[in-house]
Amino acid sequence: VTDARDDRRIQYLLDEMSQLDRAIFEDEFFTSDDEDDLLQAAEEDLIDGYCRGTLPSARRARFEERYLTSPEGRARVAFARWLMDAVAERQGVPRKVRRPAGPRTHPAVGWAAGLAAAAVLAFGATFLVGQLRDAEGERDRLRDTVARLQSHASEQDRRLAAMARDLGRVVSQAVAGGAGDRLRSATATVTAAPEAAASEPQRIALAPDVAVLRLEVMVGETAAGSYRGALRRDGRELWRQDGLQAAAGPRGTSVLCVIPAALVTPGRYVLLLGHDGPGPAAATELELRIERVPASR
Amino acid sequence: VPEKKERQTVDSGAAFAALLPALDADTDAAALRFERIRGRLLRFFRARGGQWPDELADETLDRVGRRLSEGQSIADVDRYVLGVARHVLLEAWRHERRHPTEDDFEGAVARVAAPARETAEETEAGLRCLARCLDALPAEERELLFRYYTGEGRALVEARQVLAAELGLAQGALRIRLHRIRLRMEQAVRNCLQGRETSGPLRPHSSRGRRP
């Protein structure tokens, strides 16, 4: 990214714009070959940035959702890597050493990296006298192994997150289509009022045979309209749904989130709930604690 | 938007034939224009998170082509295409929300199951094709490509500033020039991987850069 206008192009490519800005920008690049060329150039920079591992984590996630989920997108990322390899090779940089651009270090791999680095140091010290060349070779191999582990772990991370999102979508669709009647569900009510958000996590007990968690979020009397919800754990989004409709009931207005129970193992989660619509919206954050209880049969 | 299976079989060749004369009187120029518009549509649908950018782009072009073949006059094809694309996207969203099909599920599974990165063999094949295509590139452009992509971070930015100054080009102009070279390389490598040989040196297209 070279300037503010380029950042605007990247915002468009990653769907980070408000609806109005997006419409204006689309008019520009659909009617101007120059702007379309610059958008394509910005897209190439974006792909290169991903391959070099220089994208911020939020953008990296959005990039992966858009470019690594189609054969054409993956082909473009592969080409960018090959081009970087060819350029580096021409400079005499061996390929195996220069491919650390793994998206992020997986925590488990961080330990592995530490251990591997320690092993390299110990190994190098042992052979300092007379066998430095062998030690360097071994270090390179270990680095290569660590890079592969990092790449594999972050890839697994990405696929798990994508699988969780897809599973959530498919189950939500199945429930909306009537399959919910045949699935065992559990209903829990939580409060999205500010005083509740600031307190301890709200506890939800789930039996192992429950397939669908119906989370009724009380949003207050004045909060009608459409909502978007997202469930996160350790910063990773597990479930998302737009177009959730608030409904008035005897206890106040609530929004129903239908979440596949398979996504929520015991632990702490954050539920984000905000008004639906274009652009950034203020969201309420609710801390939840999921606990397992014996099956209620 | 028709059912997804039907959408996948949209005859983009018919749309191409109907659209071509409306884009340019010269057939070659019209074909390039068609590809540019299709590239814009792919960027549009991908940016909006559409699951099937290729199919939605073809559906859009098919609708525009049909309007033209029905005798409708379109003063500004680019804006018209954008308007149709927005409709197609909205319809696709509504369709997927209201009528989830097995294709949705299978598509989701296929996307998750697909490897995000090529195998070692594919990498080697890609690098071989890239080397071959780089050899076919005029020496001046090959040198430019290498220099443009050498370095990282601040050093990369500064090296590009120096390169632009050496060539007497504005940085934006240099960027567009390299973008067009890269497009040709990418297409040539794709052809090479599909077994279509690059015949002779890789010369610039007669028209402006395009992305299929």
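Please read all numbers here as calculations on a predicted model, not as lab measurements.

**Some details on the overall build of chain B**
Then, number 1: A tally of regular secondary structure across chain B gives 10 helices and zero strands.
Then, number 2: Every one of the 212 residues in chain B was classed for burial, and the buried ones make up 46%.
Then, number 3: A separation threshold of at least 6 residues defines the contact pool for chain B, and within that pool the share at least 24 residues apart is 63%.
Then, number 4: Carbon and sulfur atoms provide 51% of the accessible area of chain B, an area that totals close to 10600 Å².

**Describing the overall build of chain A**
Then, number 1: Tallying secondary structure elements over chain A gives eight helices and eight strands in all.
Then, number 2: Buried residues in chain A amount to 44% of all 297 residues.
Then, number 3: For chain A, the accessible area works out to roughly 14900 Å², and carbon and sulfur atoms hold 55% of it.

**A word on helix α5 (residues 71-90) of chain A**
Residues and elements named next belong to chain A.
Then, number 1: Compared with an ideal rise of 1.5 Å per residue, which puts 20 residues at 28 Å, α5 spans 28 Å between its outermost C-alpha atoms and is within 8% of the ideal.
Then, number 2: Across the 20 residues of α5, 16 count as buried, placing the element largely inside the fold.
Then, number 3: Of the residues trailing α5, Gly92 is marked for its positive phi of about 85°.

**Points about the pattern of salt bridges**
Then, number 1: Scanning the model with the defined rule gives 43 salt bridges over all chains in all.
Then, number 2: As a salt-bridge pair, Arg180(B) and Asp37(A) come within 2.7 Å of each other at their nearest N and O atoms. Of the two residues, Arg180(B) sits in helix α10 (residues 171-193) while Asp37(A) sits in helix α3 (residues 33-52), which places them in two different chains.
Then, number 3: Residue class for Asp37(A) comes out buried when judged on its relative accessible area of 0%.
Then, number 4: Between Arg33(B) and Asp78(B) there is a salt bridge whose closest N-O contact spans 3.1 Å.

**Describing the packing of helix α1 (residues 4-13) of chain A against helix α2 (residues 19-31) of chain A**
Residues and elements named next belong to chain A.
Then, number 1: Across the interface, α1 lies against α2 with an axial gap of 11 Å and an inter-helix angle of 105°. The angle between α1 and α2 falls in the class roughly perpendicular. Across the interface between the two elements, Arg8, Arg9 and Tyr12 of α1 pack against Arg22, Ile24, Phe25, Glu26, Glu28 and Phe29 of α2.

**Remarks on the state of the cysteines**
Residues and elements named next belong to chain B.
Then, number 1: Overall, the coordinates contain one disulfide over all chains when judged by the stated rule.
Then, number 2: Each sulfur of the disulfide joining Cys129 and Cys192 lies 2.1 Å from the other. Between Cys129 and Cys192, the S-S dihedral sits near -75°, and the bridge is therefore left-handed. In this pair, Cys129 is assigned in helix α7 (residues 120-136) and Cys192 in helix α10, connecting sequence segments 63 residues apart.
Then, number 3: A relative accessible area of 10% places Cys192 in the buried class.

**A few points about the confidence of the model for chain A**
Detailed conclusions should not be drawn from predicted coordinates in areas where pLDDT is low.
All names here are of chain A.
Then, number 1: Considering every residue of chain A, the mean pLDDT works out to 75; 62% of them sit at 70 or more.
Then, number 2: Highest mean pLDDT in chain A belongs to α3 (93); lowest belongs to helix α6 (residues 107-126) (49).
Then, number 3: Predicted confidence is poor over residues 96-111, with pLDDT under 50, and the contacts of this stretch with residues over four places away or in other chains come to 33 contacts.

**Some words on the side chain of Arg182(B)**
Then, number 1: Here Arg182(B) shows up in helix α10.
Then, number 2: Engagement of the side chain of Arg182(B) in a polar contact is seen with the side chain of Tyr149(B), the distance being 3.1 Å.
Then, number 3: When sequence neighbours within four positions are dropped, the list of residues in contact with Arg182(B) reads Glu44(A), Asp48(A), Phe79(A), Ala80(A), Leu83(A) and Tyr149(B).

**Comments concerning the nonpolar core**
Then, number 1: Counting residues in each nonpolar core, the largest one holds 46 residues, and the members touching the most others are Tyr12(A), Leu46(A), Phe63(A), Leu41(B), Phe44(B) and Phe45(B).
Then, number 2: Membership of the second largest hydrophobic core comes to 29 residues, among which are Leu238(A), Leu271(A), Leu273(A) and Leu288(A).

**Examining the environment of Gly229(A)**
Residue and element names in this part refer to chain A.
Then, number 1: Relative to the helices and strands, Gly229 is located in strand β4 (residues 226-233).
Then, number 2: Overall, Gly229 belongs to the buried group, its relative accessible area being 2%.
Then, number 3: Setting aside its immediate chain neighbours within four residues, Gly229 contacts Trp239, Arg240, Gln241, Leu244, Leu272 and Leu273.

**Describing unusual backbone geometry**
Then, number 1: Of note, Asp15(A) is a non-glycine position whose phi angle comes to about 55°, a positive value.
Then, number 2: Inspection of the secondary structure puts Asp15(A) in the loop between α1 and α2.

**Structural notes on the environment of Ile37(B)**
All names here are of chain B.
Then, number 1: Of note, Ile37 is situated in helix α3 (residues 27-47).
Then, number 2: Here the alpha-carbon distance between Ile37 and Val81, two residues 44 residues apart in the chain, equals 8.2 Å.
Then, number 3: Once you skip the residues sitting within four places of it in the chain, Ile37 turns out to touch Leu23, Leu61, Val77, Asp78 and Val81.

About the cut-offs
- Residues numbered from 1 in each chain as written.
- Chains lettered and ligands numbered in written order.
- Predicted model: local features only at pLDDT ≥ 70, side-chain atom pairs only at ≥ 80, totals over all residues.
- Heavy atoms only, no water.
- Helix = DSSP H or I, 4+ residues; strand = E, 2+ residues; numbered from the N terminus.
- Buried < 20%, exposed > 50% of the residue type's maximum accessible area, 1.4 Å probe, protein only.
- Contact = heavy atoms within 4.5 Å.
- Areas by Shrake-Rupley, 256 points an atom, 1.4 Å probe, with all protein chains shown as cover.
- Expected span 1.5 Å × (residues − 1).
- Salt bridge = Lys/Arg side-chain N within 4 Å of Asp/Glu carboxyl O.
- Axes fitted to C-alpha atoms, helices over the stretch in contact; angles between N-to-C directions.
- Parallel < 35°, antiparallel > 145°, perpendicular 65-115°, else oblique.
- Disulfide = S-S within 2.5 Å.
- pLDDT = per-residue confidence, 0-100.
- Polar contact = N/O pair within 3.5 Å; in protein donor to acceptor, adjacent residues only side chain to side chain.
- Core = buried A, V, L, I, M, F, W, Y, C linked by side-chain atoms within 4.5 Å.

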